[in-house]
Amino acid sequence: MPVMGMQAAADPATRRPATVAVSNVDFRRGEGGAGKLILRFDGEGAMPDLRTQGSDVVVDIGNASLPASLQRPLNVVDFATPVQRIDASQGGNGTRVVLSTRGGFESMAYQTGRDYIVEIVPRATFADRAVGTASAAVATTAQSSAQTATGRAYSGRPVTFNFQDVPVRTVLQLIAEESNLNIVASDTVQGNVTLRLVNVPWDQALDIVLQAKQLDKRRNGNVVWVAPQVEIAKFEQDREDARLAIEERAEKVTEYIPISYGNAEDIAKLLTEESLNNSQGTGGGGGSQQGQQRDQGFLSSRGSISFDRRTNTLLVIDIPQRVAEIQRLVTMLDKPVDQVVIEARIVIATESFARDIGARFGITGIKDRAVVSGSQLENTHNIRTGEWRFPDALMYNNPVAGGGALALTILGNTIDWDVEISALQEEGRGEVVSNPRVVTSNQREAVIRQGQEVGYLTVTGGQSGNIPTVEFKDVLLELKVTPTITNDGRVFLAMALKKDEIEGFVNVGQNLGSVPQINKREITTAVLVEDGQTVSIGGVYEFRDRSELSKVPFFGDLPILGNLFKNRGRNREKAELLIFVTPKVLRVAQR
């Protein structure tokens, strides 16, 4: 590993540097958990000396004094850096600052203006900054890499510099020899620098020197130009102004660009109007942007774009460089758009179960002038006419409508017993499947509808009386979807799906007809689906269970015989709605 060090040019015995004072002692947390000590002097000429003693880093400034207000210890544990404590003191040999550390660390120091900066970097972070060992650095084929906390990567041989007030141009020469680069320093690069860097890649050391002296660099191949930041900024600005001046004087050319898959008007607006901050752009047959003083995006200040709707062609008038760039952009934009097949399945499954049990029971007879039947009206009729009407003489009459029945009659001398039991059980299963399918281009909305219009009467009052009017209600199966094909081949669907059915009609009055009662099923959602994958985007499950019981008080509660005075009913209904969607991408190749 190259180790380079230089001391002050003049002998201390023959040169007496001017005495300076420490005006401020500051500590900060740097990048990657590094501790940064900043010593500020009230003048130029400070000569600090840095060395490591065990776990302490000692900075001696022999020609600097320390005010009494700064002679105090600083506890910096809360900064979470290797530095735990800072002790600043004044002695007979000048000012001494001691940094007490904990854990492995590497130190580096540099001086810029009146500031002397010492960085204590954790060893792990330092390894990220400069990867490589001393033995590997000796070999000329060894390569090391460094990664700063800002994300910039450094690759170069590690070097160690220990400079005391040496010219910046000398440091640049040493870095040029180490890096095998040609460094050209501007005449305005002046001043001295003091720094101590240990095991730092040479390109990082170069950046530190440039940063300390407010310099910048530009590289062209193996030649690096170093100059003050202001000078480089002015040079680049002058070069850009010259390029724009050349464009202003360049001869314009005309190019016709046919559009195959897109729309010439849309592309013209994309290249002009949007870049003009939504200002008015091309017109119906083509509008010129010539003479505008604002940024025209892909056009120069003298360029213009027109379009022809009939032939779907762009007309570009501009300098050759801008015309070539627009041609390249149009080639990238004018491509066929992939298509998507969206298939939806709506499944409606229903299941119903009903069971009813009823009975009829009656007693009819006459004895000792006593008449027994199902009602007082029947008794009166039987007494007056002497005729027995058996079916109408039941005391309890609650059969099941439409069901099967089993009847029994017991005839006696004076009393007849009538019993009838009826029962009915119904089961039903149904399934409705709707399968709309539509094809559309990427990011284009598609709509497909199927259904009917149901008419119904409405009545409005007028001077001549009520006026009937026929109105219509849509009952539709509708799929509305906008697909977006992602870069990884999946499909994002923004869709709205609905399924309507007529449940029945409701009468609204005499001579007014009826209005339809519609069952509506609708879903609006956005979902990301793999190409060709089927996904369930929604569903509704309904279950109804109802039991009914009607009976004669007291008699209906009797054991066994009570069943003759009861009517039981049980209804169960299940309905399930499921909606499935399957997108399939149709790749369209460009001819």
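These remarks concern the structure in this document. (Residues numbered from 1 in each chain as written. Predicted model: local features only at pLDDT ≥ 70, side-chain atom pairs only at ≥ 80, totals over all residues. Heavy atoms only, no water.)

Looking at the sheet that holds strand 4 (residues 48-53)
With respect to topology, five strands assemble into an open sheet ordered 4-5-9-8-7, the strand pairing being antiparallel. The two strands at the open ends of the sheet, each matched to only one other strand, are strand 4 and strand 7 (73-75). Across the sheet, the axes of successive neighbouring strands diverge by a mean angle of 15°, strand direction being ignored. Sheet topology note: the strand 8 (residues 83-91)/strand 9 (residues 94-101) ladder contains eight bridges and is antiparallel. Within strand 9, the position partnered with arginine 85 by the bridge is serine 100. (Pairing = 2+ DSSP bridges. Helix = DSSP H or I, 4+ residues; strand = E, 2+ residues; numbered from the N terminus. Axes fitted to C-alpha atoms, helices over the stretch in contact; angles between N-to-C directions.)

Observations concerning the pattern of salt bridges
In total, this model carries 29 salt bridges according to the counting rule given. Two residues, arginine 218 and glutamate 236, come together in a salt bridge whose shortest N-O distance is 2.5 Å. Taken together, the residues arginine 218 in strand 17 (residues 215-220) and glutamate 236 in helix 5 (residues 229-249) connect sequence positions 18 residues apart. With its nearest N and O atoms 3.0 Å apart, the salt bridge here joins arginine 437 to glutamate 343. Taken as a pair, arginine 437 in strand 27 (residues 437-441) and glutamate 343 in strand 22 (residues 339-367) lie far apart in primary sequence, 94 residues in all. Of the residues examined, arginine 437 reaches a relative accessible area of 47% and is grouped as partly exposed. Three or more residues are tied together by salt bridges with common partners; here these are Arg51, Asp60 and Arg96. (Salt bridge = Lys/Arg side-chain N within 4 Å of Asp/Glu carboxyl O. Buried < 20%, exposed > 50% of the residue type's maximum accessible area, 1.4 Å probe, protein only.)

A short note on the environment of valine 193
Among the secondary structure elements, valine 193 is positioned in strand 16 (residues 192-201). Along the sequence, valine 193 and arginine 169 sit 24 residues apart, while their C-alpha atoms lie 9.7 Å from each other. For valine 193, the residues in contact, after removing those within four places along its chain, are Gln111, Phe163, Gln164, Asp165, Val166, Val168 and Val171. (Contact = heavy atoms within 4.5 Å.)

Digging into the pairing of strand 3 (residues 35-41)
Counting buried positions along strand 3 gives five out of seven residues, so the element sits mostly inside the fold. Two strands pair when backbone bridges link them, and strand 2 (residues 20-29) and strand 3 are joined in this way by seven bridges, in the antiparallel orientation. The partner of arginine 29 across the bridge, within strand 3, is glycine 35. Between strand 2 and strand 3, which pair antiparallel one after the other, the connecting turn spans five residues, and glycine 32 there sits at a positive phi close to 70°. Two strands pair when backbone bridges link them, and strand 3 and strand 11 (residues 115-122) are joined in this way by six bridges, in the antiparallel orientation. By the bridge assignment for strand 11, isoleucine 38 is matched with isoleucine 117.

Section: the packing of aromatic side chains
Using the criterion set out here, one finds two aromatic pairs in the structure. Ring centres 5.2 Å apart and planes at 85° place the aromatic pair phenylalanine 27 and phenylalanine 79 in the edge-to-face group. Here phenylalanine 79 lies in the loop between strand 7 and strand 8 and phenylalanine 27 lies in strand 2, a separation of 52 residues in the sequence. Its relative accessible area of 8% is what places phenylalanine 27 among the buried residues. A relative accessible area of 32% places phenylalanine 79 in the partly exposed class. Taken together, a centroid distance of 5.3 Å and an interplanar angle of 80° make the contact between tryptophan 225 and phenylalanine 235 edge-to-face. Here tryptophan 225, found in strand 18 (residues 223-228), pairs with phenylalanine 235, found in helix 5; they are 10 residues apart in sequence, far enough to count as distant. Judged by relative accessible area, tryptophan 225 falls into the partly exposed class, the value being 22%. (Phe/Tyr/Trp six-rings, centres within 6.5 Å; stacked < 30°, edge-to-face > 60°.)

Describing the nonpolar core
One finds Phe163, Val168, Val171, Leu172, Leu195, Leu197 and Val226 to be the most contacted residues of the largest nonpolar core, which totals 29 residues. Those elements that place two or more of their residues in this core are strand 10 (105-112), strand 14 (158-167), helix 3 (168-179), strand 16, helix 4 (202-212) and strand 18. Here this core gets seven residues from one element, more than from any other, and that element is helix 4. Counting residues domain by domain, this core receives three or more from each of domain 1 (20-122) and domain 2 (158-236). Residues in contact with leucine 195, not counting those within four places in the same chain, are Ala109, Tyr110, Gln111, Phe161, Asn162, Phe163 and Val209. Residues Val20, Val57, Ile61 and Ala109 belong to the second largest nonpolar core, which totals 26 residues. (Core = buried A, V, L, I, M, F, W, Y, C linked by side-chain atoms within 4.5 Å. Domains from an automatic or database assignment.)

Re the side chain of glutamine 84
Structurally, glutamine 84 is set in strand 8. There is a polar contact of 3.2 Å between the side chain of glutamine 84 and the backbone oxygen of threonine 81. When residues no more than four places from it in sequence are discounted, the contact partners of glutamine 84 are Leu74, Asn75, Val76, Val77, Ser100, Thr101 and Arg102. (Polar contact = N/O pair within 3.5 Å; in protein donor to acceptor, adjacent residues only side chain to side chain.)

Side note on the sheet that holds strand 21 (residues 313-318)
Pairing in this open sheet of three strands is antiparallel, and the strands run 19-21-20 from one edge to the other. Unpaired on one side and paired on the other, strand 19 (253-258) and strand 20 (304-308) mark the two borders of the sheet. Taking each pair of neighbouring strands and ignoring which way they run, the sheet shows an average axis angle of 20°. Bridge analysis of strand 19 against strand 21 gives six bridges, and the strand direction is antiparallel. When the bridges of strand 21 are listed, isoleucine 257 appears paired with leucine 314.

Some words on a nonpolar patch on the surface
Among the surface-exposed residues, Leu408, Ile410, Ile415 and Trp417 lie close enough to one another that they form a single nonpolar patch of about 380 Å² accessible area. Looking at the nonpolar patch, the elements that each hand over two or more residues are strand 25 (404-410) and strand 26 (415-434). By the element assignment, leucine 408 lies in strand 25. Residue leucine 408 is classed as exposed on the basis of its relative accessible area, which comes to 52%. (Patch = residues over 30% accessible without salt bridge, like charges linked within 9 Å, V, L, I, M, F, W, Y side chains within 5 Å. Areas by Shrake-Rupley, 256 points an atom, 1.4 Å probe, with all protein chains shown as cover.)

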